[in-house]
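Chain residues, written in single-letter form:
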Amino acid sequence: MCGIIGHVGEGNAIDALLTGLENLEYRGYDSAGVAVQNGSGIEIRKRSGRLSELKTSLLGEQLEGEVGIGHTRWSTHGPPTDENAHPHTGATDDVAVVHNGIVENYAELRERLREHGHEFTSDTDTEVIPHLIGQYVAEGMATEAAFRRAVGELEGSYAVAAMVSDERAIYAARQGSPLVVGVEDEGVFLASDVPAFLEYTDTVAYLEDGDVAVIHPGGIELTDLAGRSVTRELRTVDWDPEQTAKGTYDHFMLKEIHEQPTALAQTVEGRVDRRSGAATLAEFEPGDFAGIDRVQLIACGTSYHAALYGSLLLNDAGVDSRALLANEYGDRSPPVDEGTLVIAVTQSGETADTLSALRRATAAGARTLTVTNVVGSTATRIADDRILIRAGPEIGVAATKTFSSQAVVLALLADRIARDRGDDSPLGPTLVSALKALPRQIERVLSSTDAGAIARRYHGSRSYFFIGRGLGYPVALEGALKFKEITYEHAEGFAAGELKHGPLALVTPETPVFAVFTGEEDARTLKSAEEAATRGAPIVALCPADHRATAVADAHLEIPDAPPETAGLLANVGLQLVSYHAADLLERPIDKPRNLAKSVTVE
Ligand code: M6R
């Protein structure tokens, strides 16, 4: 986890570093810190808590330096204190380091360094890095050689950036954690993710595992760990800085919920043959999936719910498929062979659990594919193939628009795989008209919703339950995840028919039940809702206006008429809004819920 930033260039680096950290705060916000150097050594300022704490502490101070690094932390080793905040220094203050990842052999390295007289002042795994660099410099090595040797000894994952007193350079390396370089006329950036420096430059190069970068005001030298020169393509990203700003919305989450019609139009653009109704997906050659016997989808959190949605559609299209939690994917996973396609669904492309499952699938001989939002992310590099969901940057920790775009890409993929295999029932014609209508229908949900009133009506309840069947089941799970994640209230999602097998014992007048109707055996979902209503639970029905559930329900969140393939996605937008308004009433920090981070880069 964590976000790192570095800048070398003309003028004071502080503004660029703080802007970068603000744009990276979605990766963690337990503490923040910066280090700059101005010719008379390295100056470090760091604080536990949000970036705003650090900014306040800098008010009235003239901190200056043309070279600087910064960090925003999501704690893994040691609590979120000032001492554990990055940057960390070595035995002297001549080396400063920021790090994202986990040094698995830090205890062993600490022991070895202690034998050389090193003392440690934090609980972090990171602190060994500046000590190692300092040790090798003290032994007579040049800085670059010392840095290279130090990172070569790290086991685990890292994106690391180091500065050494009186050198106008940043030394950086990556292994398993993301790192991207941004090039502008006046200097060079280095960061965990592109939005960190997007308002300064859109010219970027993604570093790869094993890369070492030395960044000077005049440019970058890229090598591998052994010092051999490597080249990484410079590309222009087509994200607009406006896209990463909140605009007129109070929160990124609300903005991103409202971006869904546009995001989905981009997701589908050019990927469907409007005449035949077939998913084209030009990323793949015709017949590319002909030899696929079964599909396993691996993912975490919201992406797992999209994967579940996708696996149901694959099964509908005649393809044997299962969604599996990436963090459970291991020795007991279903077998894979050369006829197995493993699809890693990950918004960030950097989720450690998903990447590790992807590597396992590759090692077991499966063909792999990732469905992701981030160009150049690690998942895109380790999977055999990739499909971008094109949802645009998502800053709110709670995933919203990317769930919809993931589900739609998986629907297209289900159709395409079934066609390549020659299956009888590809989703095409139904899907294409449903997808065509989806952006407009989402706009209707967004403009006419009673979500705010429903959030107010059930404010203060003891628990919130979400039920659905078929394609409504992943939506129920997602509705509950979103609710608990941003409100901190207890919420659970169930397959509607499971209520009577246990959860019904929890149902009281203080447990509103949100029932998702997708048009698939709605009578059975309604029966489950009625069982809860009989025990006093208020029912909120997500269904079209003329649906018979409205007669039973206490409240109604209207969704437009749609086939099951997209009805769940429309209901999900309604549930996103309910969660948003409920969290707002409770004055929660909606975009940055406690204990969470946007991208979970630790297992
Ligand atoms: O980047 P990923 O899609 O791999 O992230 C997976 C989960 O961490 C993520 O979906 C998480 O559950 C969401 N923040 C929930 O809103």
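Residues numbered from 1 in each chain as written. Predicted model: local features only at pLDDT ≥ 70, side-chain atom pairs only at ≥ 80, totals over all residues. Heavy atoms only, no water.

Enquirer: I tried to follow the overall build of the chain on my own but got confused; where do I start?
Expert: Of regular secondary structure, the chain possesses 17 helices and 24 strands. Here the C-alpha coordinates of the chain stretch approximately 80 × 55 × 45 Å along the principal axes. Taking all 603 residues of the chain together, the buried fraction comes to 61%. Sequence separation of at least 24 residues holds for 70% of the intrachain contacts in the chain that already meet a minimum separation of 6. Surface accessibility of the chain: about 22400 Å² in total, with carbon and sulfur atoms responsible for 46%. (Helix = DSSP H or I, 4+ residues; strand = E, 2+ residues; numbered from the N terminus. Buried < 20%, exposed > 50% of the residue type's maximum accessible area, 1.4 Å probe, protein only. Contact = heavy atoms within 4.5 Å. Areas by Shrake-Rupley, 256 points an atom, 1.4 Å probe, with all protein chains shown as cover.)

Enquirer: Sorry, what's going on with the packing of aromatic side chains here?
Expert: Working definition: an aromatic ring pair is given by the centre-to-centre distance plus the angle between the planes. Overall, the coordinates contain eight aromatic pairs when judged by the stated rule. Geometrically, the ring pair formed by Phe-465 and Phe-494 is edge-to-face, given 5.3 Å between the ring centres and 90° between the ring planes. Residue Phe-465 is found in strand β20 (residues 464-468), and its partner Phe-494 is found in strand β21 (residues 491-495); the two are separated by 29 residues along the sequence. Assessed through its relative accessible area of 0%, Phe-465 is described here as buried. Residue Phe-494 is classed as buried on the basis of its relative accessible area, which comes to 14%. Here Phe-466 and Phe-483 contribute two aromatic rings whose centre-to-centre distance is 5.9 Å and whose plane-to-plane angle is 50°, an arrangement assigned as tilted. Residue Phe-466 is found in strand β20, and its partner Phe-483 is found in helix α14 (residues 472-487); the two are separated by 17 residues along the sequence. Each of the two residues, Phe-466 as well as Phe-483, counts as buried. (Phe/Tyr/Trp six-rings, centres within 6.5 Å; stacked < 30°, edge-to-face > 60°.)

Enquirer: Where do I start with the pairing of strand β4 (residues 67-73) in this structure?
Expert: In regular strands, side chains alternate between the two faces of the sheet. Of all seven residues that make up β4, seven are buried, and the element is covered over most of its length. Relative to β4, strand β1 (residues 3-9) is paired through six bridges, and the arrangement is antiparallel. Looking across to β4, one finds that Ile-5 is bridged to Gly-70. Where strand β2 (residues 31-37) meets β4, seven bridges bridge the pair, whose relative direction is antiparallel. (Pairing = 2+ DSSP bridges.)

Enquirer: I keep staring at helix α12 (residues 428-448) and nothing clicks. Help me out?
Expert: In an α-helix, one turn spans 3.6 residues, which is why side chains three or four residues apart end up on the same side. Compared with an ideal rise of 1.5 Å per residue, which puts 21 residues at 30 Å, α12 spans 30 Å between its outermost C-alpha atoms and is within 8% of the ideal. Of all the bends in α12, the greatest reaches close to 45° and is centred on Leu-438; the proline Pro-439 follows between one and four positions later. Those residues of α12 that sit buried are Gly-428, Leu-431, Val-432, Ala-434, Leu-435, Leu-438, Pro-439, Gln-441, Ile-442, Val-445 and Leu-446. On its buried face, α12 is in contact with α6 (252-258), α7 (260-268), α11 (401-421), β24 (555-558) and α17 (564-585). (Expected span 1.5 Å × (residues − 1). Bend = angle between axes of the 7 residues up to and from the residue.)

Enquirer: What's the story with the site of the ligand in this structure? I'm lost.
Expert: In the neighbourhood of the ligand, 14 residues make up the surrounding shell, with Ser-303, Thr-346, Gln-347, Ser-348 and Thr-351 lying closest. Taking Val-397, its main chain carries an N or O atom lying 2.8 Å from a nitrogen atom of the ligand. If the ligand stood free it would expose 410 Å²; the protein chains cover 91% of that surface. For the shell around the ligand, the secondary structure elements donating two or more residues are α8 (301-316) and α14. Split by residue class, the shell around the ligand holds five nonpolar, seven polar and two charged. Mapping the shell around the ligand onto the domain boundaries places at least three of its residues in each of domain 2 (246-446) and domain 3 (449-603). (Near = heavy atom within 4 Å. Polar contact = N/O pair within 3.5 Å; in protein donor to acceptor, adjacent residues only side chain to side chain. Nonpolar A, V, L, I, M, F, W, Y, C, P; charged D, E, K, R; others polar. Domains from an automatic or database assignment.)

Enquirer: Quick question: what am I supposed to make of the pairing of strand β9 (residues 180-184) here?
Expert: Counted residue by residue, β9 has four buried out of five residues, so it is predominantly covered. Summarising the sheet, β9 and strand β10 (residues 187-191) pair through five bridges and their orientation is antiparallel. Across the sheet, the residue bridging to Gly-182 is Phe-189, located in β10. Here β9 folds back onto β10, and the loop between the two strands holds two residues.

Enquirer: Hey, could you run me through the sheet that holds strand β17 (residues 340-346) in this one?
Expert: Through backbone hydrogen bonds, the strands of a sheet pair up, either in parallel or in antiparallel fashion. Across the sheet, five strands lie side by side as β16-β15-β17-β18-β19; this open sheet has parallel pairing. Edge strands, defined here as strands with exactly one partner in the open sheet, are β16 (320-325) and β19 (385-388). On average, each strand axis in the sheet is inclined to that of its neighbour by 20°, with strand direction left out of account. In this structure, β17 lies alongside strand β18 (residues 367-372), joined through six bridges in parallel fashion. (Axes fitted to C-alpha atoms, helices over the stretch in contact; angles between N-to-C directions.)

Enquirer: Would you take a moment to explain the side chain of Thr-380 for this structure?
Expert: Following the sequence through the fold, Thr-380 ends up in helix α10 (residues 378-382). Accessibility expressed as a relative area gives 7% for Thr-380, which makes it buried. What Thr-380 contacts, discounting residues up to four positions off in sequence, is Thr-370, Thr-372, Val-374 and Arg-386.

Enquirer: Help me out: how do you make sense of the packing of α11 against α12 in this one?
Expert: When two helices pack together, their arrangement is given by the angle between the helix axes and by the axis-to-axis distance. One way to put it is that α11 packs onto α12 with a least axis distance of 11 Å and a crossing angle of 160°. Comparing the axis directions of α11 and α12 gives the class roughly antiparallel. Our pair here, α11 against α12, has a crossing hand that is left-handed. Along the contact surface, α11 presents Val-408, Ala-411, Leu-412, Asp-415 and Arg-419, while α12 presents Gly-428, Pro-429, Leu-431, Leu-435 and Leu-438. In the contact of α11 with α12, the residues fall into seven nonpolar, one polar and two charged. (Parallel < 35°, antiparallel > 145°, perpendicular 65-115°, else oblique. Left-handed = near helix turned anticlockwise from the far one by under 90°.)

Enquirer: Help me understand the nonpolar core in this model?
Expert: Nonpolar side chains tend toward joint burial in soluble globular proteins. In this structure, Val-295, Leu-297, Ile-343, Leu-413, Phe-466 and Phe-514 are the most contacted members of the largest nonpolar core, which totals 85 residues. Broken down by element, this core gets its largest block of residues, eleven residues, from α11. The residues contacting Phe-466, other than those within four sequence positions of it, are Ala-476, Gly-479, Ala-480, Phe-483, Ala-491, Glu-492, Gly-493, Phe-494, Phe-514 and Leu-575. Among the nonpolar cores identified, the runner-up in size contains 27 residues, and Ala-13, Leu-18, Phe-197 and Tyr-206 belong to it. (Core = buried A, V, L, I, M, F, W, Y, C linked by side-chain atoms within 4.5 Å.)

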